[in-house]
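# Commentary on secondary and tertiary structure
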Amino acid sequence: MALIVQKYGGTSVGSVERIQAVAKKIKAFSEKGDQLVVSVSAMSGETNRLTEIAQEIQDVPSLREMDVLLTTGEQVTISLLSMALQQLGCDAISYTGSQVRITTDSAHGKARIKSIDDHRIHASLGAGKVVVVAGFQGVDEEGHITTLGRGGSDTTAVALAAALKADECQIYTDVDGVYTTDPRIEPNARKMNTVSYEEMLEMASLGSKVLQIRSVEFASKYKVPLRVLSSLIDNPTGTLITSEENIMEKAIISGIAHNKDEAKLSLIGVPDKPGIAFKILKPISEANIEVDMIVQSVSAREGLTNFAFTVHRNDFSKAEEILQKVCKGLDAKAVQSDDNVVKVSLVGIGMRSHAGIATQMFEILHEENVNIQMISTSEIKISVVIDAKYLELAVRSLHAAFELDKE
Ligand code: ADP
Ligand code: ASP
Ligand code: MG
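Let me sum up the structure you'll find in this document. Remember, predicted model here, so these are calculated numbers, not experimental data.

## Focus on the overall build of the protein
Assigned secondary structure in the protein consists of 12 helices and 20 strands. The C-alpha atoms of the protein give a radius of gyration of 23 Å, which matches the 22 Å a tight globule of 407 residues would have. Its C-alpha atoms put the protein at 80 × 50 × 35 Å along the principal axes. Looking at the 407 residues of the protein, the share that counts as buried comes to 51%. When contacts within the protein are restricted to residue pairs at least 6 apart in sequence, those whose partners lie at least 24 apart make up 74%. When the accessible surface of the protein is totalled, it reaches about 19,100 Å², and 49% of it is carbon and sulfur. The centroid of the 42 positive side-chain charges in the protein is displaced by 2 Å from the centroid of its 54 negative side-chain charges.

## Considering the packing of helix 2 (residues 46-57) against helix 3 (residues 63-87)
Packed helix pairs are characterised by how far apart their axes lie and by the angle those axes make with each other. The interhelical angle for the contact between helix 2 and helix 3, taken along N-to-C directions, is 145 degrees, at an axis separation of 9 Å. Helix-helix and strand crossings are classified by hand; for helix 2 and helix 3 the assignment is right-handed. The segment helix 2 lies against helix 3, with Glu46, Thr47, Leu50, Thr51 and Ala54 engaging Met66, Leu69, Leu70, Thr72 and Gly73.

## Let's talk about the site of ligand 2
Every residue lining ligand 2 is accounted for by Ser41, Thr47, Glu74, Phe136, Arg150, Gly151, Gly152 and Ser153. In the model, a nitrogen atom of ligand 2 is placed 2.8 Å from a nitrogen or oxygen of the Thr47 side chain. The separation between an oxygen atom of ligand 2 and a polar main-chain atom of Gly151 is 2.9 Å. When ligand 2 is considered free in solution it has 260 Å² of accessible area, and contact with the protein chains removes 86% of it. Residues that form the shell around ligand 2 fall into these classes: one nonpolar, five polar and two charged.

## Regarding unusual backbone geometry
Positive phi, close to 65 degrees, is recorded for Asn288, a residue that is not glycine. Mapping Asn288 onto the fold places it in the loop between helix 9 (276-286) and strand 15 (291-296). Its identity as a non-glycine residue notwithstanding, Glu403 has a phi of 50 degrees, on the positive side. Looking at where Glu403 falls in the secondary structure, it is placed in the segment after helix 12 (391-401).

## Side note on a nonpolar patch on the surface
A contiguous nonpolar patch, built from Val76, Leu80 and Met83 and spanning about 240 Å² of accessible area, is present on the exposed surface. Assignment of secondary structure puts Met83 in helix 3.

## Remarks on the nonpolar core
With 42 residues, the main nonpolar core has Val5, Val37, Ile121, Cys169 and Ile241 as its most contacted residues. If you tally residues by element for this core, the top one is helix 6 (residues 153-163), at six residues. Apart from residues lying up to four places away in sequence, Cys169 is in contact with Val5, Ala157, Val158, Ala161, Val224, Pro225, Leu226 and Arg227.

Calculation notes
Residues numbered from 1 in each chain as written. Chains lettered and ligands numbered in written order. Predicted model: local features only at pLDDT ≥ 70, side-chain atom pairs only at ≥ 80, totals over all residues. Heavy atoms only, no water. Helix = DSSP H or I, 4+ residues; strand = E, 2+ residues; numbered from the N terminus. Rg over C-alpha atoms; globule rule 2.2 N^0.38 Å. Buried < 20%, exposed > 50% of the residue type's maximum accessible area, 1.4 Å probe, protein only. Contact = heavy atoms within 4.5 Å. Areas by Shrake-Rupley, 256 points an atom, 1.4 Å probe, with all protein chains shown as cover. Lys, Arg positive; Asp, Glu negative; His and termini not counted. Charge placed at Lys NZ, Arg CZ, Asp CG, Glu CD. Axes fitted to C-alpha atoms, helices over the stretch in contact; angles between N-to-C directions. Left-handed = near helix turned anticlockwise from the far one by under 90°. Near = heavy atom within 4 Å. Polar contact = N/O pair within 3.5 Å; in protein donor to acceptor, adjacent residues only side chain to side chain. Nonpolar A, V, L, I, M, F, W, Y, C, P; charged D, E, K, R; others polar. Patch = residues over 30% accessible without salt bridge, like charges linked within 9 Å, V, L, I, M, F, W, Y side chains within 5 Å. Salt bridge = Lys/Arg side-chain N within 4 Å of Asp/Glu carboxyl O. Core = buried A, V, L, I, M, F, W, Y, C linked by side-chain atoms within 4.5 Å.

Encoded structure:
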């Protein structure tokens, strides 16, 4: 008898019919004799809807109250799914994060799971029930309700699988696996059969929102076999995310990720002296704003330099305001801001042993006349920041040139 943790995302439980279809799928698994723990998201659109209501009441709602509000979305779907299962004659019980006792730290809106008490879940499994657990939520040491950040139900599922030492964690969503790139951007994207934790972590970090970053971190740390599958069509293999040593064919490039959430800020004509980077970025980090890419250009003339960096678009106006002050304080010439940029990245473990991939990437973008504004590289990825209007063109031409549509 296997113990399987399954997660169904927002689209998969987005209507009564979908919930009933998911219940049927779960019942079939349970009839095969597997023990099942199922984690679900809120119905699609619900988390956004609740966020908008909150903003009608308060411009900047308290993070604690936001967590109390947003966790209701998942409380709705766990109860409805349990009812749908019971209606099919499949014994099921729902638990919220705090009922299980998924303990997190107290960082409201982006809490991290610290521990999971498995007593209740094991007792219910032992009584022959399917256990349905609310995704995306937990409770801190003081009993305050917390959430794990957008897309956090993936992390709930993987953390449950790790805590229960499940045989597999299955993430059911609206695509039938992890593709070489977002199939919404490139219809020729190809489903991968396997991908390493490390590559998936890069893909997720660079904007492929098919899995929350932390869920992949968890899976990699606790070696949880993680599979992405479709809840809508029957394809039992999906994509397996696993350790590098389990992967036979190692592609040089496995995927292309993109991130539309970035914005670029530049300080033009800053006196080129020691301490510049520190003086510009200190107030930014003090405001709790995370910086992604950084480029400082070589002194052009008169000992002046330009300093550019990217931040999350949500932090754009706050960062711009801070930079205006820094500009005055450092006697720089001007602030330039651009929230019309995207980041496009090539990811692949094979890059470690292959030189020249970056040059090839730049050549392809040059042929398409796409100007590169920023570049950053690591062992297994190359990222460029470009004008947002070239997103599709860049992704599709790179996908074709690196032949990612072919096995
Ligand atoms: P869920 O609501 O089930 O959590 P998400 O919308 O969070 O689903 O994630 C699934 C979506 O991720 C897909 O519809 C797809 O557009 C997007 N996506 C982005 N990059 C990829 C990729 N490389 N492979 C598959 N899907 C991707
Ligand atoms: N409902 C939450 C969100 O929309 C969590 C999740 O779906 O994973 O982000
Ligand atoms: Mg998701």
